[in-house]
Structures are given as C-alpha cells and as structure tokens.
Amino acid sequence: MALLNFRKKEEAPTEVNPKVESFLQDFSIEVMPRTAEKVEDFRALLPAGTRVYIAHIEGTPIEDMVATAKRLAEDGFAVMPHFPARIIKDAATLQDWIARYQGEADVRQALLLAGGVSTPHGDYSDSMQLAESGLFDKAGFTHLHVAGHPEGNRDIDATGTANVDAALRWKNDFQTRTDAQMAIATQFAFEAKPIIDWADSLVTDGITLPVHIGIAGPAKLQTLIKFAIACGVGPSLKVLQKRAMDVTKLLLPYEPTEVLVELAAHKAANPDFNITHVHFFPLGGIKTNATWAQNNGGSAAVPASA
C-alpha cells in the first residue's frame, strides 16, 4: 500500500467517504498573518465557527497577530493564537498579549508551546511555565491546547521521547488545575499506523487529553520536504525523500487522502479512539487546503458563505 496519495489536479474528486466526512467534522486549520493577508474571504473557504490557529513565528509583531485574530473573530471563527514561550520576554509581556487579544478580538483560546527558537528571549523556556503562570485562567480562557509530537521532538529529546513523554504527563495532570478544556494539537505526520500506535501509547501511559491530529494539506512534494526538515519530522521526512527520488512523483501534488481514509476507518471501528479532531497545516496554501476539504469532507467542509 502506498504511503502517500498523489492525484493529478485535473482528475475529478471522488465520491465523499462517509467515514472521512465524519472524521473531518469540526476540523481546524492554521494560518499566519502573512498567509491570511492573501485570503480575500475566509467565509468562502471555511465552515462557520472553524477553529483557526494563528502561528506566531519569531519576528512577527504582536500587532499583526492581533489584527489577524480580530479579522477572523469578526468573520465568526474561533481564534486560537499560538503563545510560544521562548519568544515571550516576561510575565508583563504575556499579560499584555492576552489583554490585546481579548480587548480587540475577544480571544478565549490559546495554543501553548515552547516555540521554534533554541535560546529563550526571556523568562520562559517551555509551555508548562506559561500554563503555571495562571494568567490564562485569570483571563477566563475556555480552551488551552498543548503541543504533541507523534514522531518525537528533537528540540527536547536528541534521541528517544523521554522528555516529550514526561512533558505530556505534566500537561495531562495540569488539566485538573485549570478551568479550561485542554487538548493535544500535534505536529503533522504522513503515515496512519505510526500515528495510531502513538495515540494508543498515550492511553497506555494514562494520558487522557483528546488529540487533534496534525495533517499536512495538499502541497508540492518539494514544499513538504522543506517544511518537514524545518519542523524536524524525522520518519515522515524519510518517506518524502524516498518519493522525491522518483521524478514522476516529484512533479505530482501530495494530498492527505490516504492517511485520512485510514485514520477515519480506525476511528469508525474504534469510537473511543483518542484522536477526536483533524488539524490542517495548509502547506500548499489555505485555499488549496480548503478546496480539498470541500471535495472530500462533504458536510464537514461547507463554507460559511455557501
């Protein structure tokens, strides 16, 4: 069985798979201020109320983040900005960001993560310190998501997953000390079986947080390899590199159909499976990702303005 699904752009979309349609209900998607600027109307692309994560890359002004959050909130979407610990200078900065998001966009949701920089810019080095600050509970946040890494995280563990696993156990325990609903939002991966094995291992380890699985949206193979290298996606990167050796496949777009069909089938056969939502990384563009969802997700992807 092929690990990745490739389909020529000119081919008509196949009939909607009801298991995929069910699995994609309430999917989320990630944007950045600079990618959001290219979208004329999000309501023409995404279902009403879609949770939209706003990635905060080092160097992005908080003003741009808040402006993007305001625009999305005014369009009726559930906004969840990233709070990367290592680029937040101190508690005063964190409190200022929260106040700005709430004052201008009524934000009540946040993804807490360490962030992609190696050296902290200030007092925080991990998401656990942000959570323990108490500032999100004080501000009345309803949802706090934390990062998960099905293939490990080289920034935390040079080898193995001991530190990542310990961090997840801490985050799982923290859900008993916060009023917010918590979940794990993961890095993207390309193969269903390793994802399922990882999710099952969380249950074995006593992790009860629901999982929102990261899935790379349609994109050129070269684009996926670039992002996989930047994000430290190890095993999946090897799969992509193997595909890149075939020039004919190098020229075809990748689509997440196969991995989602397998995950959806597993969810249908195991309703208590701890992966509850799909989170898209639109690496080939927001419109491209939304179009794929509309073609494959049926009722799960009907745009708000349809």
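Residues numbered from 1 in each chain as written. Predicted model: local features only at pLDDT ≥ 70, side-chain atom pairs only at ≥ 80, totals over all residues. Heavy atoms only, no water.

## Quick look at the overall build of the protein
For the protein, the count of helices and strands is 13 helices and eleven strands. Evaluated residue by residue, the protein yields a buried proportion of 50% over its 306 residues. Relative to all contacts within the protein whose residues are 6 or more apart in sequence, the contacts with residues 24 or more apart total 82%. For the protein, the exposed surface amounts to about 14,000 Å²; the carbon and sulfur share of it is 52%. (Helix = DSSP H or I, 4+ residues; strand = E, 2+ residues; numbered from the N terminus. Buried < 20%, exposed > 50% of the residue type's maximum accessible area, 1.4 Å probe, protein only. Contact = heavy atoms within 4.5 Å. Areas by Shrake-Rupley, 256 points an atom, 1.4 Å probe, with all protein chains shown as cover.)

## What about the nonpolar core?
Counting 81 residues, the largest nonpolar core has Phe83 and Phe136 as its most contacted members. Sorting elements by how many residues they give to this core places helix H8 (residues 192–204) first, with six residues. (Core = buried A, V, L, I, M, F, W, Y, C linked by side-chain atoms within 4.5 Å.)

## Overview of helix H3 (residues 62–74)
Between its first and last C-alpha atoms H3 spans 18 Å; for 13 residues at 1.5 Å apiece the expected length is 18 Å, and the two agree. Of the positions making up H3, those classed as buried are Ile62, Met65, Val66, Thr68, Ala69 and Leu72. The arc that holds every buried residue of H3, seen down its axis, measures 160°, which confines them to one face. Just past H3, the residue Gly76 takes up positive phi, approximately 90°. (Expected span 1.5 Å × (residues − 1). Arc of directions from axis to C-beta.)

## Re the sheet that holds strand S8 (residues 211–216)
Remark on secondary structure: sheet strands pair via backbone hydrogen bonds, oriented parallel or antiparallel. One closed barrel accounts for eight strands, arranged S2-S3-S4-S5-S6-S7-S8-S11; its pairing is parallel. Here the average twist between neighbouring strands, direction ignored, is 30°. The sheet contact formed by strand S2 (residues 28–31) and strand S3 (residues 51–54) spans four bridges and is parallel. Directly across from Val31, in S3, lies its bridge partner Ile54. Packing of helix H7 (residues 162–174) onto the sheet brings it into contact with strand S6 (143–148) and strand S7 (181–188), and relative to S6 it is tilted by some 165°. (Pairing = 2+ DSSP bridges. Axes fitted to C-alpha atoms, helices over the stretch in contact; angles between N-to-C directions.)

## Re the packing of aromatic side chains
Using the criterion set out here, one finds eleven aromatic pairs in the structure. Judged by centre distance (5.1 Å) and plane angle (90°), the ring pair of Phe83 and Phe136 falls under edge-to-face. With Phe83 in strand S4 (residues 78–84) and Phe136 in helix H6 (residues 135–138), the pair connects residues that are 53 residues apart, well separated along the chain. For the residue pair Phe83 and Phe136, the accessibility class agrees, reading buried in each case. Between Phe188 and Phe281, the ring centres sit 5.5 Å apart and the planes meet at 70°, which makes this aromatic pair edge-to-face. Residue Phe188 is found in strand S7, and its partner Phe281 is found in strand S11 (residues 275–281); the two are separated by 93 residues along the sequence. (Phe/Tyr/Trp six-rings, centres within 6.5 Å; stacked < 30°, edge-to-face > 60°.)

## Section: the pairing of S2
When a strand is regular, its side chains alternate between the sheet's two faces. Burial along S2 is two-sided: Ser28 and Glu30 facing one way and Ile29 and Val31 facing the other are all buried. Summarising the sheet, S2 and S11 pair through two bridges and their orientation is parallel. Residue pairing for S11: Ile29 is matched across the bridge by Phe280.

## Some remarks on the packing of H3 against helix H4 (residues 91–105)
Two numbers describe how H3 lies on H4: the axes approach to 9 Å, and their chain directions differ by 30°. With respect to H4, the element H3 is oriented roughly parallel. Crossing handedness for the pair H3 and H4: right-handed. Where H3 approaches H4, its residues Ile62, Glu63, Met65, Val66, Ala69, Lys70 and Ala73 are matched on the opposing element by Trp97, Arg100, Tyr101, Glu104 and Ala105. (Parallel < 35°, antiparallel > 145°, perpendicular 65-115°, else oblique. Left-handed = near helix turned anticlockwise from the far one by under 90°.)

## Considerations on unusual backbone geometry
One non-glycine residue, Asp26, lies in the positive phi region at around 60°. Mapping Asp26 onto the fold places it in the loop between helix H1 (18–23) and S2.

## Quick word on the confidence of the model for the protein
Overall, the predicted model of the protein reaches an average pLDDT of 88, with 83% of residues at or above 70. This stretch, residues 6–11, has a pLDDT under 50; its non-local contacts, to residues over four places away or in other chains, come to eleven contacts. (pLDDT = per-residue confidence, 0-100.)

## Here's the deal with the side chain of Glu30
With respect to the helices and strands, the residue Glu30 is situated in strand S2. No salt bridge is formed by the buried Glu30; the nearest opposite charge belongs to Arg34, separated by 10.0 Å. Only 3.3 Å separates the side chain of Glu30 from the side chain of His82, close enough to count as a polar contact. Residues in contact with Glu30, not counting those within four places in the same chain, are Tyr53, Ala55, His82, His279, Phe280, Phe281 and Pro282. (Lys, Arg positive; Asp, Glu negative; His and termini not counted. Salt bridge = Lys/Arg side-chain N within 4 Å of Asp/Glu carboxyl O. Polar contact = N/O pair within 3.5 Å; in protein donor to acceptor, adjacent residues only side chain to side chain.)

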